[in-house]
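Commentary on secondary and tertiary structure
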Amino acid sequence: MADSKAPKRAPGDIEAFVKQLLVTYKAVRLYPPSSSIPQQNARLVVEKLRPLQRKNPTVRMVVSRDGLFFEGLQALPGQQAFVNFARESFRHGIGDVRFHTGVTPEEIAAFLQGVTLEPGDIQKQGGFSSWLWDHGVHQITVGEMETKVVDAGEAEQAELTDRVSEPEEAWPPGPEAIDRLLGSVRDLHHRDQRVLVRFLLEPKLVGAYLEHVAAQAAADPVSRLADRIFAMTRAISGDIDEEQGQLDRSAAEAVMALDQDTRARLIADHLLPRARVDENVAALLSQIALDDLCAALVAGAGGDAASKEGLSRALLNLALIGIHSRQEVAEAAVRALVEAGIPEPTARGFAARALPERIETPKGRGTTAPKDIEEAVRLVDLGVTKSVADADPELARLRQEVSAGLSDADVFKTLVRLLSLERRPETFASLLALVEDGLPVLLDRDEFEAVAVAVAALAALRSDEGVPEEARGRVHAVLSSIATAERLSHLCQAARLAEPGTDQHAACARLVRMLGDVSIDPLLEVLASEQDMAARKALVEMISAIASSHVEQLGKHVEDGRWYFVRNVVAILGSTRDPAVLPYLARTLRHADARVRRETVRALASVRDRYAEELLVAALQDDDAQNVALVARYLGTLGVRGAAHALADVARGAGAGNRDVAPRVEAIEALVRLGAREAVPVLEQLASRRGGLLRAQRDRAVAAAAEQAVRALSETSSDGER
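Rules and cut-offs
Residues numbered from 1 in each chain as written. Predicted model: local features only at pLDDT ≥ 70, side-chain atom pairs only at ≥ 80, totals over all residues. Heavy atoms only, no water. Helix = DSSP H or I, 4+ residues; strand = E, 2+ residues; numbered from the N terminus. Buried < 20%, exposed > 50% of the residue type's maximum accessible area, 1.4 Å probe, protein only. Contact = heavy atoms within 4.5 Å. Core = buried A, V, L, I, M, F, W, Y, C linked by side-chain atoms within 4.5 Å. pLDDT = per-residue confidence, 0-100. Pairing = 2+ DSSP bridges. Phe/Tyr/Trp six-rings, centres within 6.5 Å; stacked < 30°, edge-to-face > 60°. Lys NZ or Arg CZ within 6 Å of the ring centre and 35° of its normal.

**Points about the environment of Leu200**
Within the secondary structure, Leu200 sits in helix 8 (residues 190–200). For Leu200, a relative accessible area of 4% gives the class buried. When neighbours within four sequence positions are excluded, Leu200 is seen to be in contact with Val206, Met232, Ala235, Ile236, Leu247 and Ser250.

In structure tokens form, the structure reads like this:
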């Protein structure tokens, strides 16, 4: 019988990766750099990483004196060889190691070579992160710890303390701290876990944080809010049972405190669809009264057809979650609609259509039947005598339905509704084939609203774990078949030509958003071939709106040979403001074209992350003066104190791109914004070079800027800290 007290171990694929990492480490120690054996072993490490990175583009291992941990679980506990490797890494001040998508065998070998060196030699080169950068390792990043001298009785000894937990946390924690805690919720220290729980128990703090998240999101703030709330539900699910209900209530209260439009879109477009497959999100929604949920959905809906369709879809999702019965949802929806000023008969009709007990035939839109329908009625009448027609109620109903004038789109919507309800394999396959045949036809006819309804249903089916995996794969293939470059180009053109706020514009935007991952690659190809500048701008905005959910897919395109295409991809990645884009931006920071590197600098400045700051500092070595000036300006604006030394080098004119006056002056001004009084000797030296008439004009400009900077920093010193 297994020991129930034995510690839980990391997953098998993680342990296999760690084993190969240790084998490679030993090869690096035993064999000279010229040997092929370390490289061969490093290739095996990359092979072990690839399947792991399909689940998550970054594999993070936490380092302690006791071993290596993945999501709080130790890899190969009790085996001394792995403990020794972890301690050696810990001795180098490494708190955690992150292996990003695209890591190469050469980078694996170089990283392990660094672990074999003496820690003092690494520290002389600025720490392990700087050492990795200097040796061309950009797809492996480390979280460093700092050395602290503490009283240990008779002797002083240096202890390594995790930089994250060094200060006593201020209360309440800032948004950046909460982002960090939510981003690593599975492997938090106990103290950090309690900080997060304490924060989540206070609805006002959670609400203020959500407002900050929405305000900071450059594109699609509702999607960013949804990501943060999903992270909260994961954190809540891992806590003790006694507090889960209270935590869910707190998060639900914060959601309901958002502004009306944001709250409605968040619940309808993200929380309700996710709750169908995620019990943690369903638990959060269960804390909101049904009447309040329906009122929030109704308040956020407009009077146009697209809004009504969205409300109908949200009510259906609410019923499908299973928290409340279909009848309860229908009655609550009627109450909310009546309270919003809708007559009760109209409200009941809407609820009946949104939550049908059976599929009903849509009514016709007009009173005058087209000629082909008149001909169909005549054919029905020819089939029987008048007396029989009058006596047979079913025949009379058939005649009425034919007269109603069903369009292809009406029939197609009924097929889609049937497909959503059907689970018998053969019938499901038959209905899906009919939908697949109809989608291209309706797209070519510009029936975007009907196609949007179908795509929404297909997207829900694709993520519905109640549907067999084979059927979900077939649904994915159907979605991919309509997301061709030609059709998406037509769709984007229709969206651009339609007036904002119209049904067509809303349907086109919804279509692109719901197609999601299958639309990214063809949309980028459309962007690459588009000649019109206004059209390119519209495409970039459209892709940016969905980019945060598809970072890895976008990142694969940074190696494209077309510089203008890569620049657009970098701009889209930057719009996400997500640290997940940094491994890809690290590559484009070394792009051959200065315009791509310039766009990369702008993108890096939008991501608030330590690694982004390190990349910006490294970009001061760019050989393009305009790029260096831009980097210096951003470093000063963002307040990156660690950049002071590198900025002083730029001010002196060291480096290929730092000889022009513009980057040097920008660097001097950045030093002033940072309050870098340690740079005063350098600035005084520059100020003394004002010279006479023979001195170059550019030197006089730099000297004048330096003189003014010395004065400003001296005033700051006399007044105290800013």
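Next comes the rest of the account.
**Notes on the nonpolar core**
If you look at the biggest cluster of nonpolar residues, it comprises 107 residues, and the most contacted ones within it are Leu458, Leu524, Leu573, Leu620, Leu647 and Ile668. Residue contributions to this core peak at ten residues, all from helix 23 (residues 448–462). Not counting chain neighbours up to four residues away, the residues in contact with Leu573 comprise Val551, Leu554, Gly555, Val558, Val581, Tyr584 and Leu585.

**So, the confidence of the model for the protein**
When pLDDT is averaged along the protein, the result is 77, and 78% of the positions lie at 70 or above. When the elements of the protein are averaged for pLDDT, strand 7 (residues 155–161) gives the smallest value, 39, and helix 32 (residues 594–605) the largest, 92. Within the model, the stretch residues 146–169 combines pLDDT values under 50 with 35 contacts to residues more than four positions away or in other chains. Note that pLDDT drops below 50 for residues 402–406; the model gives that stretch twelve contacts with residues more than four away or on any other chain.

**Thoughts on the pairing of strand 2 (residues 67–70)**
Sheet topology note: the strand 1 (residues 58–64)/strand 2 ladder contains three bridges and is antiparallel. Of the residues in strand 2, the one forming a bridge with Val62 is Phe69. Hairpin connection from strand 1 to strand 2: two residues lie between these consecutive antiparallel strands. Strand direction decides the pairing type here: strand 2 and strand 3 (residues 73–74), joined by two bridges, are antiparallel. Bridging across to strand 3, Phe70 finds its partner in Leu73.

**Some words on the packing of aromatic side chains**
For any two aromatic rings, the description comes down to two numbers: the centre-to-centre distance and the angle of the planes. Throughout the structure, instances matching the rule amount to seven aromatic pairs. For the pair Phe99 and Phe111, a centre-to-centre distance of 6.1 Å together with 85 degrees between the ring planes defines the contact as edge-to-face. Taken together, the positions of Phe99 in strand 4 (residues 94–100) and Phe111 in helix 4 (residues 105–116) put the pair twelve residues apart, joining distant regions of the chain. Pair check on accessibility: Phe99 and Phe111 agree, each one buried. Judged by centre distance (6.1 Å) and plane angle (85 degrees), the ring pair of Phe199 and Tyr209 falls under edge-to-face. Pair noted here: Phe199 is in helix 8 and Tyr209 is in helix 9 (residues 203–216), with a separation of ten residues, a long-range link. Here Phe199 and Tyr209 have matching classes, each one buried. The structure contains a cluster of three or more aromatic residues connected by ring pairs, namely Phe17, Phe99, Phe111, Phe128 and Trp131. Positioned above the aromatic ring of Phe230 is the side chain of Arg274, whose terminal nitrogen or guanidinium carbon lies 4.1 Å from the ring centre. The residue whose ring lies beneath Arg562 is Phe565, and the NZ or CZ to ring-centre distance is 4.6 Å.

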